[in-house]
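Examination of the molecular architecture
Letter by letter, the chains look like this.
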Amino acid sequence: MKKVAVIGGGVTGLEAASQLAQMGYTVTVFEKNSAAGGHVSKWDRLFPNRRHSIEVVNELKSYLNGNPAIYLSTAINKVTKKDNRFQLEAYNQVFEADAVLIATGFELFPAERKEEYGYGIYDNVITSAELEGMFKENGYPVKRNGDKPKRLAFIHCVGSRDEKVKRPYCSKVCCVTAVKQAIEVKEAIPEAEIFCLYMDLRMFGPGYEDLYKEAQQKGINFIRGRLSEASELEGSRVLIKTEDTLSSKPLKMSVDMVVLMVGMSPAQGTDELIAALGLQPNKDGFVEITDYHLNPVKTKVDGVFAAGACTGPNNITDSINAARSAAVEIHKYLNNK
Amino acid sequence: MIDFGFAPMEVSVHNMDTADLSLAHWINLHDETFNHCIACGSCAATCTAGQFTNFSFREVCHAIRRGEIKSAIDESEKCMLCGKCTLVCPRNVNTRNIIMLIRKANLTFRP
């Protein structure tokens, strides 16, 4: 029985592992964290239909029935290739495999790197991920002092489309996430005034544009302009400044809470992992794949495949598609070996 | 006091803390398509009045959303109600009705 190693137990890794196990391979998933499900398991609800993410994660976890097997809290430190076989090292253990799928996902952009936005400095500047945590915990956002915010601003493109922090690319999912979260805040706190500071609204997926229109109907205000700086006011309110580029005038306002829509950054550690195989990151720092159009899961090393957000920002649908695509490519590779 | 001819400059910043959004809320109450605008500019591009003056329906709506009520009401007078903007609007904003609402609001909201 040929063996496949899947590095990463997020949605991509779990889906690919399940598909490969159904094809008859012996599949092992290595997850560095103590639980499977990746970033999705930390989210409350998903765009565009606001399904609870736990549903998606639980379904994917239910596939872990021995084959595929999963090793939790197991970070693969090194992968080496010898005679078409792979050796994966985790602490003192060595695992063998005939093919490797890299599904190490992404990391959230560290918002404190945009120091001018005050994350980690001001009380009521939070990230989109922290807002999801609040939705999970309370069903509504809370300020540092425990009160509900009455005026909020969502800041798009934090750690995306920004060469100053070496993130020149679009993270794809933050626009629609901001709109989803704005609607959720409005539903939880109907009297709240909500502003989205955007440059473009990249509503590329099915149902995304509808969600945007729903937000407009619910009275969410959209201001075209990038946040230039934030400063703290009395009472831990936050003053934000931007240009209203639709009227070519500077714009300022004070809000109770600022939500930074943090983008997707390459996961730390993936570089070292792939370097041992002779793979390099692409110009944005993600795993380089050989053919973006015709084979978006193949790397330049035979037997090594990459899928999901380790290859660049992805939504769940894209990641599931890439996972299935990788399963087919791995099957083809192992059959022709 | 001697007048030296100097005066403080008027601040040209949108301050959303003090902006008067009463007209924006009132229009939206009477025609919810007011909020559906995506600022594409189709209305202004096709506008008959815009060929001869600097009238732009998009800008009028935008001014209302930033609390610039007086200029929006003044501008709305330039519209000739031909309705071409209603035909081209991709979000089905009821543009002509909104112009009529702004003119009607003139009596109530003009600062």
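Because the structure is predicted, anything quoted here is derived from the model rather than measured.

The rules we used
Residues numbered from 1 in each chain as written. Chains lettered and ligands numbered in written order. Predicted model: local features only at pLDDT ≥ 70, side-chain atom pairs only at ≥ 80, totals over all residues. Helix = DSSP H or I, 4+ residues; strand = E, 2+ residues; numbered from the N terminus. Buried ≥ 20, exposed ≤ 12 C-beta atoms within 10 Å, placed from the backbone. Contact = placed C-beta atoms within 7 Å. Domains from an automatic or database assignment. Nonpolar A, V, L, I, M, F, W, Y, C, P; charged D, E, K, R; others polar. Pairing = 2+ DSSP bridges. Arc of directions from axis to C-beta.

1. Concerning the environment of leucine 23 of chain B
All names here are of chain B. Residue placement: leucine 23 occurs in helix α1 (residues 22–30). Given 24 C-beta atoms within a 10 Å radius, leucine 23 is considered buried. Taking the C-alpha atoms as reference, leucine 23 lies 6.7 Å from isoleucine 64; in sequence the two are 41 residues apart. Not counting residues up to four positions away in its chain, the partners in contact with leucine 23 are Ile64, Ile69, Ala105 and Phe109.

2. Quick word on the domain arrangement of chain A
All names here are of chain A. One can read the domain layout of chain A as domain 1 (3–105 + 267–336) and domain 2 (111–263). Contacts between domain 1 and domain 2 engage 10 residues on the former and 17 residues on the latter. A breakdown of the residues in the side of domain 1 that touches domain 2 according to their chemical character gives 4 nonpolar, 2 polar and 4 charged.

3. With respect to the interface of chain A and chain B
Each partner contributes to the interface: chain A provides 13 residues, whereas chain B provides 12 residues. Of the residues forming the side of chain A that touches chain B, the biggest block, 6 residues, is contributed by strand β17 (residues 249–255) of chain A. For the side of chain A that touches chain B, the class distribution of residues is 4 nonpolar, 5 polar and 4 charged. The sheet contact formed by β17 of chain A and strand β1 (residues 14–15) of chain B spans 2 bridges and is parallel. Within β1 of chain B, the residue paired with lysine 252 of chain A across the bridge is asparagine 15 of chain B.

4. Some remarks on helix α4 (residues 69–76) of chain B
Residue and element names in this part refer to chain B. Restricting attention to buried positions, one finds in α4 the residues Ile69, Ala72, Ile73, Glu75 and Ser76. The buried residues of α4 all sit within an arc of 165 degrees when viewed along its axis, so they share a single face. Tucked inside the fold, the buried residues of α4 contact α1, α3 (57–65) and α6 (95–109).

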